[in-house]
Amino acid sequence: MSDKTNAARILDRMKIPYSLVEYDVDPDNLAADHVAEELGEPIEQVFKTLVLRGDKNGVFVCVVAGNREVDLKKAAKASGNKKAEMIAMKELLPLTGYIRGGCTSIGMKKKFPTFLSEDALEFPFIYVSAGRRGLQLKLSPTDLLKAADAKAADIASEL
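Residue positions within a chain follow its written sequence, with the count starting from 1. Note on the predicted model: pLDDT of at least 70 is required for a residue's local features to be given, and 80 or more for side-chain atom pairs to be given and counted; whole-chain, interface and lining totals, by contrast, use all residues. Note that the side-chain values use all heavy atoms of the structure and ignore hydrogens as well as water.

Caption draft 1: Highlighting the environment of A65. Segments assigned H or I by DSSP are reported as helices when at least four residues long, segments assigned E as strands when at least two residues long, and all are numbered from the N terminus. Inspection of the secondary structure assignment puts A65 in strand β3 (residues 58–65). For A65 and A120, which are 55 residues apart along the polypeptide, the C-alpha to C-alpha distance reads 7.3 Å. It only takes one pair of heavy atoms within 4.5 Å for two residues to be counted as in contact. Once residues within four sequence positions are removed from consideration, A65 is found in contact with I43, E44, V46, F47, K48 and D119.

Caption draft 2: Structural view of the pairing of strand β8 (residues 135–139). Using a 1.4 Å probe on the protein chains alone, a residue whose accessible area is under 20% of its type maximum counts as buried, one over 50% counts as exposed, and one in between counts as partly exposed. Here β8 lies mainly inside the structure; four of its five residues are buried. Here a strand pair is declared whenever DSSP counts at least two bridges between the two strands. Summarising the sheet, strand β1 (residues 19–22) and β8 pair through four bridges and their orientation is antiparallel. Counterpart to S19 in the pairing with β8 is K138. The pairing of strand β7 (residues 126–132) with β8 spans five bridges and is classified as antiparallel.

Caption draft 3: Region of the structure containing the layout of surface pockets. Empty space within the largest pocket amounts to approximately 530 Å³. For the largest pocket, the lining is made up of 28 residues, of which L30, K48, T49, L50 and G101 are closest to its centre. Of all the secondary structure elements, the ones that give two or more residues to the lining of the largest pocket are α2 (32–39), β2 (47–54) and α4 (89–96). The dominant element in the lining of the largest pocket, judged by the number of residues it contributes, is β2, at five residues. Gly counts as polar in this scheme, as do all residues outside two lists: the nonpolar Ala, Val, Leu, Ile, Met, Phe, Trp, Tyr, Cys and Pro, and the charged Asp, Glu, Lys and Arg. Residues that form the lining of the largest pocket fall into these classes: 16 nonpolar, eight polar and four charged. With a 1 Å grid spanning the protein atoms alone, the term cavity applies to any set of points in which a 1.4 Å probe fits but cannot get out, the term pocket to an open set with protein on both sides within 12 Å along at least five of seven lines, and the term lining residue to any residue with an atom within 4 Å of a point. Grid points are joined across faces, edges and corners, and a volume is the space filled by probe spheres set on the points. In this structure, the second largest pocket spans a volume of roughly 190 Å³. Lining the second largest pocket are 15 residues, and of these S105, G107, M108, K111 and A147 lie nearest its centre.

Caption draft 4: Summary view of the pattern of salt bridges. One speaks of a salt bridge when a side-chain nitrogen belonging to Lys or Arg is within 4 Å of a carboxyl oxygen belonging to Asp or Glu. For the coordinates displayed, the defined rule picks out seven salt bridges. In this structure, the salt-bridge partner of K74 is D154, at a minimum N-O distance of 3.3 Å. Residue K74 is found in helix α3 (residues 72–78), and its partner D154 is found in the loop between β9 (151–153) and β10 (156–158); the two are separated by 80 residues along the sequence. Judged by its relative accessible area of 30%, K74 falls in the partly exposed class. The shortest N-O distance in the salt bridge between D149 and K111 comes to 3.0 Å. Residue D149 is located in the loop between α5 (141–147) and β9, and its partner K111 is located in the loop between α4 and β6 (114–117); the two are separated by 38 residues in the primary sequence. Each member of the salt-bridge network shares a partner with another, and the members are R68, D119 and E158.

As structure tokens, then:
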């Protein structure tokens, strides 16, 4: 197995159980459905990490299932904002330390309020990026809440 990511080291320090799962990256298709296909797992259990900016409280993070999208109104409300929008792609690396397709809510450069879509709690485990393309963390949603210091919230809607 390749070197552990910062996210994996944080989980180790917190004594949170997880598995690292490698998959083949298609640089032209970083979508969650491709990752789910590569993992052979249902898209409902493969979560994507999205970074948003609210009009009052600034940057925050939403983690939603691959078959859903962040509902900007719900996300704004959950984060104490009136409005929210996705950050520009060029801001992702400087803000979080992660690149598109390898962004995880664990171990970002700076601590941002983080919200996990409450539907994650229906599953014994979910997949999220381990902090680089081609590597996913398999862990329980409650452990992700703990590791990312996140709250479960109603932030997603059907695609």
